[in-house]
Amino acid sequence: MDVNAAVAAAAAIAGVLTGVIAMLAFRWSEREQRRPTRTSLHTDPVLPPGVDTVLSVLRSSAVVLDEADAVVKASSAAYALGLVRGGKLAVEPMLQMARDTRRDGEIRQVELDLPRRGTGRGEALAVSARVAPLGSRLVLLLVEDLTEARRIEAVRRDFVANVSHELKTPVGALSLLSEAVMDASDDPEAVERFAGRMQIEATRLTNLVQELIDLSRVQNDDPLEDAEPVRVDELVAEAVDRCRHQAGTKQITMAAGGTEDLRVWGNRGQLAAALGNLVENAVNYSPSRTRVGIAARRVDVPGGDLIEIAVTDQGIGISDKDKERIFERFYRVDPARSRATGGTGLGLAIVKHVVASHGGEITLWSAEGQGSTFTLRLPEAAAAREARDRAQQHPALDEEAGQPVPQPTPYEPLPAPEVLP
């Protein structure tokens, strides 16, 4: 009897425990069903509706921070500028602005200079940062890169200062000379001498204004709108004729070669002005009884052939420190000599812009006391390529003229400078 009672009691206890466990399991299952999963947490929107779309179309770099200063959203530009690293905002001043804005809700803006990533030369990025609250717990940071705008502003400021200085010199000289003419009205020889000086200064002023106009034109116009195949030998002949008198005065020999059957694609007027400036500089900065050489050749490169036009002189040469600035506006290697020859300091700047707008480049080799070589590399005209291809298929005769195909002559650098007897 006692055994049966014990078994019944054990069975009752086991039943109660089973019911309790079943009830706990049921409640735990319901709780798990109501609890959000990791996937639902990941897919639930963190940003307010529409903000993600707006940030994706902004030109500025955008970063959204939560209440723990963790990055919730960052644009690719923000990563490129180095603003975000390892899921954190890496710029301490911007991080402090975000914390201040989160605390008081005020919009803040500041301009900063940031170190450029991947360089050890001390270059800095100029940026403008603006911080504003986004909802109740998020902060929005917008960063705009001002580096290029500042560089352009510096170039514009320097250009205006240089133009003012260059215009002031001949204008001031004309004013003084006019007063001298008035004071020497009873001295015909003095009047004639001062009038001659006035003509020189007026010519210099005219040249300066014209080159300013030319520089503005090559910067603003698209030369390829009126592009055409241009014969290199015609450009060289025009450049030589432009400087023939000045070269003859200094007994400078001008030689050209290798320019036959070569054509470049571009604006004839601008290309002629660019090459003419190079030849004129070579003559101006060469001693008397030396040589200036102009040579051209075709260079095979991937994507299309290029035409090289090299202008070599035996002049004073250019130092290494001057090579970096030689193509700047109004920069002169020898200011005293440049003023004596009537130079404005704009010639090489015009050459650089013309070549760049034609899809080419200009290179410089020079050594002090050994002369200089400026080399233009311009795309070859398509018509010239087609003619060359026909000639290669029939190497004995040209299909159109029935004459032997002329072969370009490769140029060689001029020898070391020497004064011709």
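Since we're looking at a predicted model, the values are computed, not measured.

About the thresholds
- Residues numbered from 1 in each chain as written.
- Predicted model: local features only at pLDDT ≥ 70, side-chain atom pairs only at ≥ 80, totals over all residues.
- Heavy atoms only, no water.
- Pairing = 2+ DSSP bridges.
- Helix = DSSP H or I, 4+ residues; strand = E, 2+ residues; numbered from the N terminus.
- Axes fitted to C-alpha atoms, helices over the stretch in contact; angles between N-to-C directions.
- Contact = heavy atoms within 4.5 Å.
- Buried < 20%, exposed > 50% of the residue type's maximum accessible area, 1.4 Å probe, protein only.
- Salt bridge = Lys/Arg side-chain N within 4 Å of Asp/Glu carboxyl O.
- Left-handed = near helix turned anticlockwise from the far one by under 90°.
- Nonpolar A, V, L, I, M, F, W, Y, C, P; charged D, E, K, R; others polar.
- Expected span 1.5 Å × (residues − 1).
- Bend = angle between axes of the 7 residues up to and from the residue.
- Polar contact = N/O pair within 3.5 Å; in protein donor to acceptor, adjacent residues only side chain to side chain.
- Core = buried A, V, L, I, M, F, W, Y, C linked by side-chain atoms within 4.5 Å.

(A) Region of interest: the sheet that holds strand β6 (residues 124-134). In space, the 5 strands of this open sheet follow the order β2-β1-β7-β6-β5, with antiparallel pairing throughout. On the outer flanks of this sheet lie β2 (71-74) and β5 (108-115), each paired with one strand and no other. Each neighbouring strand pair of the sheet contributes to a mean axis angle of 25°, computed without reference to strand direction. Across 8 bridges, β5 lies against β6 in antiparallel orientation. Looking across to β6, one finds that Gln109 is bridged to Arg130. Sheet contacts for helix α5 (residues 92-104): β1 (61-65), β5, β6 and β7 (138-145); angle to β5, the most-contacted strand, approximately 165°.

(B) A look at unusual backbone geometry. Non-glycine residue Asp69 carries a positive phi angle of around 65°. One can find Asp69 in the loop between β1 and β2. Asp69 gets classed as buried once you look at its relative accessible area, which sits at 12%. You will see that Arg289, though not glycine, has its phi angle at about 60°, which is positive. Here Arg289 shows up in the loop between α9 (268-284) and β11 (291-299).

(C) Looking closely at the environment of Val57. Mapped onto the elements of the fold, Val57 is located in helix α3 (residues 51-57). With 18 residues separating them in the primary sequence, Val57 and Ser75 have C-alpha atoms 9.8 Å apart.

(D) The arrangement of the sheet that holds strand β13 (residues 361-367) in detail. Strands sit in the order β9-β11-β12-β14-β13 across an open sheet of 5 strands; the sheet is mixed. Looking at the sheet topology across the chains shown, the edges are occupied by β9 (253-257) and β13. On average, each strand axis in the sheet is inclined to that of its neighbour by 15°, with strand direction left out of account. Note: strand β12 (residues 306-312) against strand β14 (residues 371-379), 7 bridges, orientation antiparallel. Paired with Ala310 across the bridge in β14 is Thr375.

(E) Focus on the pattern of salt bridges. A full pass over the atoms with the stated rule returns 19 salt bridges. Note that Asp113 is salt-bridged to Arg150, the shortest N-O span being 3.2 Å. Within this pair, whereas Asp113 is found in strand β5, its partner Arg150 is found in helix α6 (residues 147-183), the two being separated by 37 residues in sequence. Judged by its relative accessible area of 38%, Arg150 falls in the partly exposed class. The residue Glu280 makes a salt bridge to Arg242 at a minimum N-O spacing of 2.9 Å. Placement of the pair is Glu280 in helix α9 and Arg242 in helix α8 (residues 232-249), with a sequence separation of 38 residues. According to the relative accessible area criterion, Glu280 is partly exposed, its value standing at 26%. Bridged by salt links that share partners, the residues Arg231, Asp233, Glu234, Glu238 and Arg268 form one connected network.

(F) Structural context of the packing of α8 against α9. Running from N to C, α8 and α9 point in directions that differ by 35°, and their axes come no closer than 8 Å. Every pair of crossing elements has a handedness; the one defined by α8 and α9 is right-handed. Along the contact surface, α8 presents Glu234, Leu235, Val236, Glu238, Ala239, Arg242, Cys243, Gln246 and Ala247, while α9 presents Arg268, Leu271, Ala272, Ala273, Leu275, Gly276, Asn277, Val279, Glu280, Val283 and Asn284. Class assignment of the residues belonging to the contact of α8 with α9 gives a composition of 11 nonpolar, 4 polar and 5 charged.

(G) Spotlight on α8. An ideal rise of 1.5 Å per residue puts 26 Å on 18 residues; α8 measures up with 26 Å between its terminal C-alpha atoms. Along α8, the largest kink reaches about 50° and is centred on Cys243. Along α8, the positions that sit buried rather than exposed are Val232, Leu235, Val236, Ala239, Val240, Cys243 and Ala247. In this structure, the buried residues of α8 make contact with β8 (228-231), β9, β10 (263-266), α9, β11 and β12. Gln251 lies just past α8 and shows a positive phi near 55°.

(H) Layout of the side chain of Thr373. For Thr373, the position within the fold is in strand β14. Taking relative accessible area as the criterion, Thr373 reaches 15% and is therefore assigned buried. Only 3.1 Å separates the side chain of Thr373 from the side chain of Thr312, close enough to count as a polar contact. Dropping the residues within four chain positions of it, Thr373 is found in contact with Ala310, Val311, Thr312, Thr363, Leu364 and Trp365.

(I) Molecular detail of the packing of α9 against helix α12 (residues 347-357). Where α9 meets α12, the axes come as close as 9 Å, and the angle between the chain directions of the two elements is 140°. Of the two possible hands of crossing, α9 and α12 adopt the one that is left-handed. Contact with α9, carried on its side by Gln270, Leu271, Ala274, Asn277, Leu278 and Asn281, involves Gly347, Leu348, Ile350, Val351, Val354 and Ser357 of α12 and no other residues of that element. Partitioning the contact of α9 with α12 into residue classes produces 7 nonpolar, 5 polar and no charged.

(J) Spotlight on the nonpolar core. Residues Val232, Val264, Leu275, Leu278, Ile309, Val311 and Leu376 are the most contacted members of the largest nonpolar core, which totals 42 residues. Only α7 (188-220), α8, α9, β11, β12, α12 and β14 provide two or more residues apiece to this core. No other element matches α9, which puts 8 residues into this core. Excluding anything up to four places from it in sequence, Val232 contacts Thr259, Leu262, Arg263, Val264, Ala296, Ile307 and Ile309. Judged by nonpolar contacts, the second largest core, of 23 residues, contains Met94, Leu112, Leu125 and Val139.

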